[in-house]
Amino acid sequence: MKFSKLTHRGMLAATIALVGIGLFASPATAEERTPDPADITAVTGVTTFRVNDLAAPNGVNDTTWNVAIDNAEATFGSGDKAYLEALKSVSLLGATYCDSYENITRPGAWYKVPRTGNTLNCVLEAGNNSSAVTVLQQTLNRCYGRGLVEDGAFGNATYNALMYAQSVEGIGVDGVYGPTTRAYLKWWGGGSICTHGYSLGI
């Protein structure tokens, strides 16, 4: 009698533990996989990783932008480095670098994403120093296990960590942060929460 009660209690405790693990482990497992283009299309309408699908910057006509981005991709590949170099080639002001961050709130999570002014459409590269770089370092540490010093300085360690994250997510591996990386990177939402940008609609 005592044995059967203990066995029953043990089985009940094990079942509760497994259900609890399932509740917490399943979302994390889903976030670990590389984004499927079909999933991304459903959320963002984007069906390719090519940066030439991005709209022309303000003040630049589509033809000029398409030539600039095609030339940049021929030299730098399909990634945010091509986007950055295309921006530099078509704008007298050059690229718009991220210099702060935006708080994006979701139930149970609070994400910080690099921005400049009122837009998230900005870039970061080696040599930049700002709170935007600190936010990037935080997500690289917590979502990709990189162990960076979170000092806001985009140096060699941050460059290499970003290339690692880009390779994990299956996008252009070039160590430059821009719109493609923003969409496919997993962002830290507090605790152990990491969510891809396209799932956040950014």
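Just above, that's the structure.
Residues numbered from 1 in each chain as written. Predicted model: local features only at pLDDT ≥ 70, side-chain atom pairs only at ≥ 80, totals over all residues. Heavy atoms only, no water.

Engineer: Any chance you could explain the environment of T180 here in plain terms?
Structural biologist: Tracing the sequence through the fold places T180 in helix α7 (residues 179-184). A sequence separation of 18 residues divides T180 from Y198, and the C-alpha atoms of the two residues are 9.6 Å apart. (Helix = DSSP H or I, 4+ residues; strand = E, 2+ residues; numbered from the N terminus.)

Engineer: Sorry, what's going on with the state of the cysteines here?
Structural biologist: Covalent bonding between the sulfur atoms of two cysteines defines a disulfide. Applying the stated criterion across every chain yields a total of two disulfides. The disulfide partner of C143 is C194, and the S-S distance across this bridge is 2.1 Å. The disulfide joining C143 to C194 has a torsion of about -95° about its S-S bond and is therefore left-handed. Remark: C194 occurs in strand β4 (residues 194-196) and C143 occurs in helix α5 (residues 131-144); sequence separation between them is 51 residues. The exposure class assigned to C194 is buried, which follows from its relative accessible area of 13%. Here the cysteine-cysteine linkages of the chain are recorded as 1-2, 3-4, numbering only bonded cysteines and doing so in sequence order. (Disulfide = S-S within 2.5 Å. Buried < 20%, exposed > 50% of the residue type's maximum accessible area, 1.4 Å probe, protein only.)

Engineer: What's the story with the pairing of strand β1 (residues 100-106) in this structure? I'm lost.
Structural biologist: The sheet contact formed by β1 and strand β2 (residues 109-115) spans seven bridges and is antiparallel. Paired with E102 across the two strands is V113, which belongs to β2. (Pairing = 2+ DSSP bridges.)

Engineer: Would you mind showing me how to read the environment of F154 here?
Structural biologist: Within the secondary structure, F154 sits in the loop between α5 and α6 (156-169). On the basis of relative accessibility, which here comes to 3%, the residue F154 falls in the buried class. For the pair F154 and A126, spaced 28 residues apart in the sequence, the C-alpha separation amounts to 5.0 Å. Excluding its chain neighbours within four sequence positions, the residues that come into contact with F154 are L124, E125, A126, G127, N128, N129, V133, L136, Y159, L162 and G175. (Contact = heavy atoms within 4.5 Å.)

Engineer: What am I meant to see in the packing of α5 against α6 here?
Structural biologist: Packed helices, taken two at a time, are described by their axes: the angle between them and the distance between them. Put simply, α5 and α6 touch, their axes get as near as 10 Å, and they point 55° apart. When the axis of α5 is compared with that of α6, the two are oblique. The two elements α5 and α6 cross, and the hand of that crossing is left-handed. The segment α5 lies against α6, with L136, Q137, L140 and Y144 engaging T158, A161, L162, Y164, A165, V168 and E169. For the contact of α5 with α6, the class distribution of residues is eight nonpolar, two polar and one charged. (Axes fitted to C-alpha atoms, helices over the stretch in contact; angles between N-to-C directions. Parallel < 35°, antiparallel > 145°, perpendicular 65-115°, else oblique. Left-handed = near helix turned anticlockwise from the far one by under 90°. Nonpolar A, V, L, I, M, F, W, Y, C, P; charged D, E, K, R; others polar.)

Engineer: What am I meant to see in the packing of aromatic side chains here?
Structural biologist: The way to describe two aromatic rings as a pair is by their centre distance and the angle between their planes. Taken as a whole, this structure holds three aromatic pairs when the rule is applied. With a centroid separation of 5.8 Å and 80° between ring planes, the pair formed by W65 and Y83 is classed as edge-to-face. Here the residue W65 occupies a position in helix α3 (residues 62-76), and Y83 occupies one in helix α4 (residues 80-90), the gap between them amounting to 18 residues. No difference in accessibility class separates W65 from Y83, as the two residues are buried. Taking NZ or CZ as reference, R142 lies 4.3 Å from the ring centre of W188, over its face. (Phe/Tyr/Trp six-rings, centres within 6.5 Å; stacked < 30°, edge-to-face > 60°. Lys NZ or Arg CZ within 6 Å of the ring centre and 35° of its normal.)

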